[in-house]
Amino acid sequence: MISASARLLRLVSLIAAKPSWTCGELAERTAVTDRTVRRDIAKLRELGYAIESDPGPWGGYRLRAGARTPPLILDDEEALAVAVGLRVAALSGALGGDQAALSALLKLQQVLPQRIADRLTEMDDVFVHTLRPDEPQITPGMLLELAAACRRGERAQLSYLDWEGADLGVDHGAGSSPTLRPVTHR
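Residues numbered from 1 in each chain as written. Predicted model: local features only at pLDDT ≥ 70, side-chain atom pairs only at ≥ 80, totals over all residues. Heavy atoms only, no water.

This paragraph deals with the packing of helix α2 (residues 23–30) against helix α3 (residues 34–46). Relative to each other, α2 and α3 sit at 100°, their axes nearing to 8 Å. Judged on the interaxial angle alone, α3 and α2 are roughly perpendicular. Taken together, the residues of α3 that come into contact with α2 (itself represented by Cys23, Gly24, Leu26, Ala27 and Thr30) are Asp34, Val37 and Arg38. Its residues assigned to classes, the contact of α2 with α3 comprises 4 nonpolar, 2 polar and 2 charged. (Axes fitted to C-alpha atoms, helices over the stretch in contact; angles between N-to-C directions. Helix = DSSP H or I, 4+ residues; strand = E, 2+ residues; numbered from the N terminus. Parallel < 35°, antiparallel > 145°, perpendicular 65-115°, else oblique. Contact = heavy atoms within 4.5 Å. Nonpolar A, V, L, I, M, F, W, Y, C, P; charged D, E, K, R; others polar.)

Moving on: unusual backbone geometry. With the exception of glycine, most residues fall at negative phi, and the peptide bonds are largely trans. Positioned with a positive phi, Ala31 is a non-glycine residue whose angle comes to about 60°. By the element assignment, Ala31 lies in the loop between α2 and α3.

Applying the stated criterion across every chain, the model contains 7 salt bridges. Asp40 is paired through a salt bridge with Arg7; the nearest N and O atoms lie 2.6 Å apart. Within this pair, whereas Asp40 is found in helix α3, its partner Arg7 is found in helix α1 (residues 4–17), the two being separated by 33 residues in sequence. You'll find Asp40 and Arg7 in the same group, each marked buried. Because the salt bridges share partners, they merge into one network encompassing Glu52, Asp54, Arg62 and Arg64. (Salt bridge = Lys/Arg side-chain N within 4 Å of Asp/Glu carboxyl O. Buried < 20%, exposed > 50% of the residue type's maximum accessible area, 1.4 Å probe, protein only.)

A word on the confidence of the model for the chain. Close reading of the predicted structure is inappropriate where its pLDDT is low. The predicted model of the chain averages 77 in pLDDT, with 74% of residues at 70 or higher. Here residues 178–186 scores under 50 on pLDDT; set against residues more than four positions off or in separate chains, the count is 21 contacts. (pLDDT = per-residue confidence, 0-100.)

What follows concerns the nonpolar core. Judged by nonpolar contacts, the single largest core of 15 residues is most densely connected at Leu26, Val37, Ile41, Leu44, Ile51 and Tyr61. Listing elements by their share of this core, those giving two or more residues are α1, α2 and α3. Examining the composition of this core, we find that 5 residues originate from one element, α1, more than from any other. Among all residues touching Leu44, those that are not within four sequence positions of it are Leu8, Leu11, Val12, Tyr49 and Ile51. Among the nonpolar cores identified, the runner-up in size contains 12 residues, and Leu80, Ala83, Ala101 and Ile116 belong to it. (Core = buried A, V, L, I, M, F, W, Y, C linked by side-chain atoms within 4.5 Å.)

Attention shifts here to α2. Among the residues of α2, those classed as buried are Cys23, Leu26, Ala27 and Thr30. Seen from one end, α2 has its buried residues packed into an arc of 100°, which puts them on one side. On its buried face, α2 is in contact with α1, α3 and β2 (61–63). Directly after α2, the chain includes Ala31, whose backbone phi takes a positive value near 60°. (Arc of directions from axis to C-beta.)

See below:
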């Protein structure tokens, strides 16, 4: 039998993993009664998790975005991905500044299990981030604009310099594979 704290963490992880769970499904997965699931859901709500429920025998529980960020449970691969993403954001200034990304990365590094911290260190040893302060960086607004265009299925034409300084373009059409071609500046 697992502790109540471990059971609550397991319950949060399950609820976050799929759009909706019935009380019976959660009880079965956590090896407790339906009544215990309902009590645990109430405890999670007290802790700030925004868990919605639909009444009835086929009703269910689902996690929705809350007013504040509750503790986050990540598996090893997810934690590593978040750490790498934060490092890239901090080094590139993709968020408009590096302070928020650095602060979040330091907090994450303090709680990473050693096996994940070791993998992150191994990646740091082989990856090289080349800063180009003399060249304009992409702004957060531009990233949002590109994301919105992708969501709408629009074509985006980009250009960049490769390692040898050649100006290349990438054209991602909806449903097509990327093609590289030289781009001339206008």
